[in-house]
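# Structural overview
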Amino acid sequence: MELGPEEVFQVLGKTSLSKQDRIFWRRVTAVFKTRNLFIAIIILMPFVGIFDHDLWGPDEPRVAETGREFLDAGNSLAAPRLNREPFLEQPPLYYWTLALSYKFFGGHNDVTARIPSIFFSLLTLAATYLFVKKLYGTDLAIRSLVVLSLLAVFYSAGHECITDSSLVFFVTLSMYFLHTALQSEGRKKLSFYILYYVAAAAAVMSKGFVGLAFSVAFFVSWIAWTRDWKEILRAQPWLGAVIVGAVVGIWIYFLGCLLYTSPSPRDLSTSRMPSSA
C-alpha cells in the first residue's frame, strides 16, 4: 500500500495540509523517484549482457587465458604468460585481478573473466560521482553517472575482458586527486599530490605508459591554462617521478630477474628431446 501525503503528515503530527506542505511533498517525491531511477540505471547497467554470450575474440579469450595462467603452479606474478610463454603486451595489474576473480568466484569461465571489468567500471562511476559532486553538486553528479553508464564505449569497456576498464578507472582517479590537490593548501595539497602520483603509477601498471601520458597531460594542461608556474614547485614532480619509477621499477626488476634466469617451457621441452645422433 502506497502512503499519500495525508498519511505521512499525520504520522508527523499534522492533521491538515497547507499549500506549502503539498508543494513540498510533490518536490520530495519527484526527487526521490528520479534519483531512485537514476541510481537503478547506474547500478544495473554494468551487469546487463554479461551472462548471455561467450568470450568474444580476439582480445577477450587472450586476456582471459593470460590471467588464468597466473594460477598455474610455478608461474611468477611478475610475468604475464600466454601458452606458457611470457606475454608482455601489457603490464600485469589487470591480469592479477583476473586471477583473483578466478580464484574467489568459481574458476575460469566467461562470467568470472568479466568480473574485474565490472568492478573497475563501478569504481570509475564512484570516482566520477565524487569528482562531479565536488565541482557541481549532487544532482548533476548523479545525472553525469547516468550519461556515463549509457555511453557505448564505457559500456563496452565494462562488459569485455580487456585492460581498458582498469586504465579508465585509474586515469579518472588521478584526475580527481589532481583537482583536489590543486584546490588544497599545505600538507593536504601534498597528500593529494602523492595520491595523484600513486593513481598514475597504477594507470601505468594497467596499460603501460599511455596511463602516465594521460595523467601528466591533465597537469600540464592546467598549468598552461592558468599560467600558475609556481604550482609546478608545489606539486613536487620529482616526488611523482620517484613514486611512479619505484612502482614500475620494482616490477621491471623482478620481470628481468625472471626472464634472464628461467628458461622458457619451449626451451625445456627442446632440451628434453632425444638427439638424432
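Given the structure is predicted, the values throughout are model-derived calculations rather than measurements. (Residues numbered from 1 in each chain as written. Predicted model: local features only at pLDDT ≥ 70, side-chain atom pairs only at ≥ 80, totals over all residues. Heavy atoms only, no water.)

## A word on the overall build of the protein
The line we're drawing: A run of H or I in DSSP counts as a helix once it spans at least four residues, and a run of E counts as a strand once it spans at least two, with each numbered from the N terminus. Between buried and exposed lies partly exposed: a residue is buried under 20% and exposed over 50% of the maximum accessible area for its type, with that area taken using a 1.4 Å probe on protein chains only. It only takes one pair of heavy atoms within 4.5 Å for two residues to be counted as in contact. Surface accessibility follows the Shrake-Rupley procedure with a 1.4 Å probe radius. Residue values consider only the protein chains on display as shielding.
Summing up its helical and strand segments, the protein has 13 helices and two strands in all. Burial analysis of the protein (277 residues in total) assigns 39% to the buried set. For the protein, long-range pairs separated by at least 24 residues make up 66% of all intrachain contacts whose partners lie at least 6 apart in sequence. Summing over all exposed atoms, the protein offers an accessible surface of approximately 16300 Å²; the carbon and sulfur share of this is 67%.

## Side note on the environment of Phe154
Tracing the sequence through the fold places Phe154 in helix H7 (residues 152-159). Between the C-alpha atom of Phe154 and that of Asp164, which follows or precedes it by 10 residues, the distance is 9.5 Å. Filtering out sequence-adjacent residues up to four positions away, Phe154 remains in contact with Ser121, Thr124, Leu125, Leu148 and Ser149.

## A look at the layout of surface pockets
So the rule is basically this: A pocket, in this scheme, is an open set of points on a 1 Å grid over the protein atoms alone with protein on both sides within 12 Å along at least 5 of 7 lines, while a cavity is a set where a 1.4 Å probe fits but cannot get out; residues line either one if an atom lies within 4 Å of a point. Grid points are joined across faces, edges and corners, and a volume is the space filled by probe spheres set on the points. Amino acids outside the nonpolar list (Ala, Val, Leu, Ile, Met, Phe, Trp, Tyr, Cys, Pro) and the charged list (Asp, Glu, Lys, Arg) are all regarded as polar, and Gly is one of them.
Empty space within the second largest pocket amounts to approximately 190 Å³. Lining the second largest pocket, in full, are Tyr196, Tyr197, Ala200, Leu212, Ser215, Val216, Phe219, Ala235, Pro237, Gly240, Ala241 and Val244. Elements that contribute at least two residues to the lining of the second largest pocket include exactly helix H9 (186-207), helix H10 (210-226) and helix H12 (237-261). When grouped by side-chain class, the residues that make up the lining of the second largest pocket number 10 nonpolar, two polar and no charged.

## A closer look at the environment of Ala202
Relative to the assigned elements, Ala202 resides in helix H9. Along the backbone, Ala202 and Phe170 are 32 residues apart, and their C-alpha atoms lie at a distance of 6.3 Å. Dropping the residues within four chain positions of it, Ala202 is found in contact with Leu93 and Phe170.

## Topic: the nonpolar core
Definition in use: Throughout this description, the term nonpolar core refers to a set of buried Ala, Val, Leu, Ile, Met, Phe, Trp, Tyr and Cys residues connected via side-chain atoms within 4.5 Å.
Core analysis: the biggest nonpolar cluster contains 47 residues, and Leu98, Phe170, Tyr193 and Phe219 have the highest contact counts within it. Contributions of two or more residues to this core are made by helix H3 (59-68), helix H4 (93-104), helix H5 (110-136), helix H8 (164-182), H9, H10 and H12.

## Concerning empty space enclosed by the protein
By the definition in use, this model includes two cavities of 30 Å³ or more. What the second largest cavity holds in volume is close to 40 Å³. Around the second largest cavity, the lining residues are Phe120, Ser121, Thr124, Phe154, Ala157, Gly158, Ser165 and Val168. Of all the secondary structure elements, the ones that give two or more residues to the lining of the second largest cavity are H5, H7 and H8.

## Here's the deal with the pattern of salt bridges
Test applied: For this analysis, a salt bridge means a side-chain nitrogen from Lys or Arg found within 4 Å of a carboxyl oxygen belonging to Asp or Glu.
Throughout the structure, instances matching the rule amount to nine salt bridges. As a salt-bridge pair, Glu89 and Arg62 come within 3.9 Å of each other at their nearest N and O atoms. Of this pair, Glu89 sits in the loop between strand S2 (85-86) and H4 while Arg62 sits in helix H3, and the two are 27 residues apart along the sequence. Take Glu89: its relative accessible area is 47%, and that puts it in the partly exposed class. With a closest N to O distance of 3.0 Å, Glu231 and Lys189 form a salt bridge. Of the two residues, Glu231 sits in helix H11 (residues 230-235) while Lys189 sits in helix H9, which places them 42 residues apart along the sequence.

## Description of H3
Along H3, the residues classified as buried are Glu60, Val63, Ala64, Glu65, Thr66 and Gly67. Considering only its buried residues, H3 is in contact with strand S1 (81-82), H4, H5 and H7.

## Regarding the packing of H9 against H10
Put simply, the test is: Only the stretch in contact is used when a helix axis is fitted, and all axes are lines through C-alpha atoms; the angle between N-to-C directions ranges over 0 to 180 degrees. Roughly parallel refers to an angle under 35 degrees, roughly antiparallel to one over 145, roughly perpendicular to one between 65 and 115, and oblique to any angle outside these ranges.
For the pair H9 and H10, interaxial distance at closest approach is 6 Å and the crossing angle is 150 degrees. With respect to H10, the element H9 is oriented roughly antiparallel. Contacts between H9 and H10 involve Tyr193, Tyr196, Ala200, Ala203, Val204 and Lys207 from the former and Val210, Gly211, Leu212, Ser215, Val216 and Phe219 from the latter. Its residues assigned to classes, the contact of H9 with H10 shows nine nonpolar, two polar and one charged.

## Section: unusual backbone geometry
A positive phi angle, near 55 degrees, is found at Arg227, a position not held by glycine. Mapping Arg227 onto the fold places it in the loop between H10 and H11. Despite not being glycine, Gln236 has its phi angle at roughly 50 degrees, a positive value. By secondary structure assignment, the location of Gln236 is in the loop between H11 and H12. Overall, Gln236 belongs to the partly exposed group, its relative accessible area being 27%.

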